[in-house]
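Summary of the model geometry
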Amino acid sequence: MSGRIASFSLVVHIALSFLILHSTIIAFPVEDQPENRARYDHYRLYRVQLETDQHVQVFQDLEAKSDSCTFYGHARQPGQQLTIMVAANKVADFEDLLVRFLVKGRVLEYNVQSRIDAEAKNVKPATVAASEFDWNHYFHLETIYAWMDELASKHFFITVISLGDSYEGRPIKGVKLSRQSGNKAIFVEGGIHAREWISPATATFILNQLITSTDPRIVELSTNYDWFFFPTVNPDGYKFSFESDRLWRKNRKPYGICRGVDLNRNFASNWGGIGSSDDPCSYDFSGSGACSEPEARALGDFIRNNAEKERIRTYIALHSYSQLLMFPFGHTPEKVANYEHLQTITDKAIAALTAVHGTPFQGGSKHETIYPSSGGSIDWAYQEAKIPVSLTFELRGPPDSTDMFILPAGQITPVGEETMAAFVAIVEEAKRLGYYD
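Residues numbered from 1 in each chain as written. Predicted model: local features only at pLDDT ≥ 70, side-chain atom pairs only at ≥ 80, totals over all residues. Heavy atoms only, no water.

Going by an unreviewed UniProt entry, the protein carries the name Peptidase M14 domain-containing protein and comes from Aedes albopictus. Recorded in UniProt for the protein, the comment headed Cofactor (unreviewed entry) runs: "Zn(2+)". (UniProt positions renumbered as here; feature names shortened; annotations may be inferred.)

Considering the overall build of the protein
Across its full length, the protein holds 13 helices and 14 strands. The C-alpha radius of gyration of the protein comes to 24 Å, within 12% of the 22 Å expected for a compact globule of 437 residues. The burial tally for the protein puts 55% of its 437 residues in the buried class. Each charge class in the protein can be summarised by its mean position, and for the 42 positive and 53 negative side chains these summaries are 1 Å apart. (Helix = DSSP H or I, 4+ residues; strand = E, 2+ residues; numbered from the N terminus. Rg over C-alpha atoms; globule rule 2.2 N^0.38 Å. Buried < 20%, exposed > 50% of the residue type's maximum accessible area, 1.4 Å probe, protein only. Lys, Arg positive; Asp, Glu negative; His and termini not counted. Charge placed at Lys NZ, Arg CZ, Asp CG, Glu CD.)

Observations concerning the nonpolar core
One finds Tyr138, Leu210, Trp227, Phe229, Phe393 and Phe423 to be the most contacted residues of the largest nonpolar core, which totals 66 residues. For this core, the element with the most residues is helix α13 (residues 412–432), which contributes ten residues. Setting aside anything within four residues of it in sequence, one finds phenylalanine 229 in contact with Gly174, Val175, Val188, Ala203, Ile206, Leu207 and Leu210. In this structure, Ile192, Phe302, Ala307 and Ile312 belong to the second largest nonpolar core, which totals 25 residues. (Core = buried A, V, L, I, M, F, W, Y, C linked by side-chain atoms within 4.5 Å. Contact = heavy atoms within 4.5 Å.)

Structural notes on helix α4 (residues 112–120)
In an α-helix, one turn spans 3.6 residues; hence positions three or four apart end up facing the same way. Among the residues of α4, Val112, Gln113, Ile116 and Glu119 are the ones counted as buried. When α4 is viewed along its axis, its buried side chains cluster within an angular range of 125 degrees and face the same direction. Each element contacted by the buried residues of α4 is listed here: β1 (44–50), β3 (80–86) and β4 (104–109). (Arc of directions from axis to C-beta.)

Let's talk about unusual backbone geometry
Note the cis peptide between serine 320 and tyrosine 321, where omega equals 0 degrees. Summarising the element assignment, tyrosine 321 is placed in the loop between β11 (312–320) and β12 (324–327). Between arginine 396 and the following residue, glycine 397, the backbone shows a cis peptide bond with an omega angle of -5 degrees. The residue glycine 397 is located in the loop between β14 (389–395) and α13 in this model.

Let's talk about the environment of glycine 174
Residue placement: glycine 174 occurs in strand β6 (residues 171–177). For the pair glycine 174 and aspartate 149, spaced 25 residues apart in sequence, the C-alpha separation works out to 9.3 Å. Each residue touching glycine 174, except ones within four places of it in the same chain, is listed here: Met148, Thr159, Val160, Ile161, Phe229, Phe230 and Pro231.

Brief notes about the state of the cysteines
Summed over all chains, the structure comprises one disulfide. A disulfide bridge connects cysteine 258 with cysteine 281, and the sulfur atoms are separated by 1.8 Å. Disulfide cysteine 258-cysteine 281: torsion about the S-S bond near 75 degrees, hence right-handed. Of this pair, cysteine 258 sits in strand β10 (residues 258–259) while cysteine 281 sits in the loop between β10 and α9 (294–306), and the two are 23 residues apart along the sequence. (Disulfide = S-S within 2.5 Å.)

Quick notes on the UniProt feature "active site" (unreviewed entry) in the protein
Sequence positions flagged by UniProt for "active site" (unreviewed entry) are, in local numbering, Glu394. Relative to the elements of secondary structure, glutamate 394 occurs in strand β14. Exposure remark for glutamate 394: the relative accessible area of 8% places this residue in the buried category. Here glutamate 394 is in contact with His319, Ser320, Tyr321, Ser322, Gln323, Leu324, Met326, Phe361 and Ile370, once residues within four sequence places are set aside. Only 3.3 Å separates the side chain of glutamate 394 from the backbone nitrogen of tyrosine 321, close enough to count as a polar contact. (Polar contact = N/O pair within 3.5 Å; in protein donor to acceptor, adjacent residues only side chain to side chain.)

Overview of the packing of helix α10 (residues 339–357) against α13
Relative to each other, α10 and α13 sit at 150 degrees, their axes nearing to 8 Å. Looking at the two axes, α10 sits roughly antiparallel to α13. At the point where α10 passes α13, the crossing takes the right-handed sense. Taking contact as the criterion, the partners of Thr344, Ile345, Lys348, Ala349, Ala352, Leu353, Val356 and His357 in α10 are, on α13, Pro414, Glu417, Glu418, Thr419, Ala421, Ala422, Ala425, Ile426, Glu429, Ala430 and Arg432. Along the lines of polarity and charge, the residues of the contact of α10 with α13 split into eleven nonpolar, three polar and five charged. (Axes fitted to C-alpha atoms, helices over the stretch in contact; angles between N-to-C directions. Parallel < 35°, antiparallel > 145°, perpendicular 65-115°, else oblique. Left-handed = near helix turned anticlockwise from the far one by under 90°. Nonpolar A, V, L, I, M, F, W, Y, C, P; charged D, E, K, R; others polar.)

Some details on the sheet that holds strand β5 (residues 158–165)
Read across the sheet, eight strands follow the order β5-β6-β8-β7-β11-β14-β12-β13 without closing on themselves; strand pairing throughout is mixed. Edge positions in the sheet fall to β5 and β13 (362–365), since each has one partner strand and no second. Averaged over all pairs of adjacent strands, the angle between strand axes in this sheet comes to 20 degrees, irrespective of strand direction. Sheet topology note: the strand β7 (residues 184–190)/strand β8 (residues 225–230) ladder contains six bridges and is parallel. Along β8, the bridge assignment pairs lysine 184 with tyrosine 225. Sheet contacts for helix α7 (residues 216–224): β6 and β8; angle to β8, the most-contacted strand, approximately 90 degrees. (Pairing = 2+ DSSP bridges.)

Some remarks on the pairing of β7
The side chains of a regular strand alternate between both faces of the sheet. Extensive coverage of β7 is indicated by the burial of seven of its seven residues. Every second residue of β7 is oriented toward a common face, with Lys184, Ile186, Val188 and Gly190 on one face and Ala185, Phe187 and Glu189 on the other, all of them buried.

Description of the environment of glutamate 132
Residue position: glutamate 132 is located in the loop between α4 and α5 (141–154). Sequence separation between glutamate 132 and valine 160 is 28 residues; the distance between their C-alpha atoms is 19 Å. Contact partners of glutamate 132, with chain neighbours within four places excluded, come to Lys124 and Phe139.

Quick look at the sheet that holds β1
The four strands are arranged β2-β3-β1-β4 in an open sheet whose pairing can be described as antiparallel. The open sheet has two edge strands with one neighbour each: β2 (69–72) and β4. Taking the axes of each pair of neighbouring strands and ignoring which way they run, one obtains an average angle of 30 degrees across the sheet. One ladder, built from four bridges, connects β2 with β3; its direction is antiparallel. Bridge assignment links cysteine 69 to a residue of β3, and that residue is valine 86. Contacting β1, β2, β3 and β4, helix α3 (residues 91–100) runs over the sheet at an angle of about 15 degrees to β1.

Below is the structure:
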C-alpha cells in the first residue's frame, strides 16, 4: 500500500510540476477569457435637487466617502441640481438616503450599460480604413490619425503636426490648414476628456467642412484664416475609453493606487484652486503641479511657442455635455477685460447654432455659467498666452441628458452642423470687433 501511495504522490508531483512549467499551454483560449472591460449593468443615473444647506452637506459627505456613487459635478450650494451615477448594489441605499433627507430626485436612466451597448453598434473597428471615415459612427484613435494623414496626402494646404507624446508614448497628432500666408489663426482643441467622444467627432466634422464645403461663409473661413485642429489631445485616455472603460475621463499616468489627471485642471491658471482636487482618485485631480502631465505640457509649449509666430487669435475647446458656450474665467467671478466683447461673440454664436436645429444653449463666463473650476486650458490660453477670444463649448445633450457622454452616433452630424454655424458666427463677430486686424 505504501508503495502505491508513494507512486501516486510522484505522479501528482510530476503533474503539478508540468502544469506550473507549462501553464500557458492550459490557459483558456483568448475567446473564452473574461473581457477586462468596465461594465455598468443596472447602474442608475439620478438627477437630484439640493434645496438646503443640509442637502449640500449630505452629498458632499457622500462623494467623499462612497466609491459607488460617481458625481458629475460637486455639491456646492442650495438650489443646485446634481447628476450622480449609482452602482447597482447601492441603489437601495441611495433611495433610502433620498427619503431620509427629503431630497427630490428622479431617475434619468435605469441601466447605463444599455446606453453603452447601443452605442457600440455604431463604433467602427480600429482596423477600418481611413477611406471609410464618416460622421455616422465613432472611430478609434488609430483611424482618426490615419484619416488626418490621408488628408495631408490629398491636400497641399494640410500639414500633419504633433504636439509631442502622451504619457504612454502616443503622438498627440493634429493638422494645420493654411491656404495662404499671412493669415491669423484659430486653434481647436478636442478630446481633452476621454469619454466625451462627440468632441473629436465634431472637431473632425468642422475640419472636413473647411476642406470641402462650397458655402461662401465657410470658404471665407477656410481661405482667410489658418486653422490648427487637435481632435484628441488626450490620446491615452481616448484609447482607454474605447478599449477598457467607456466613461474614463482623465489621462493614464499613475499616481499611487489610482491613475490619471484631469488635463483640464492641469494648466497654470489658478492651478490647484477651486473646482479641482488634490486626490489622485478624484475625477478632477489636478496633478502634482501645474502642467505636470506630458499632454498639458506639450499643448502649453506649442501655444506658448506659436501664439505670436502663427498669429493665433482664437482658442476653442470642445467638450460635452450641457449645451453651453463659455469664456474665461472659471475660478473667479471677476470679469475679464473684454467681457462685453466675449459675451457679444457668445450670443451671436448661440443664435447661429440654435437657428440650425433649434438646440438651446446658454452662454457666459465659465464661473457664472457651469461651475467654478481652476487650471483650465482656455483660461490659460487667455491669461498666459494672451489669446483674446478663448471659448469652451459644452456640446449636446442638455444638463439633464439621459445620454450623458454616450451621445448616439446619429447626432454627430447635426451637432457638427450647428457647431459649424457657431464657428462661422464666432469668427465673423470677432473680425467685426477687430480681433483679426
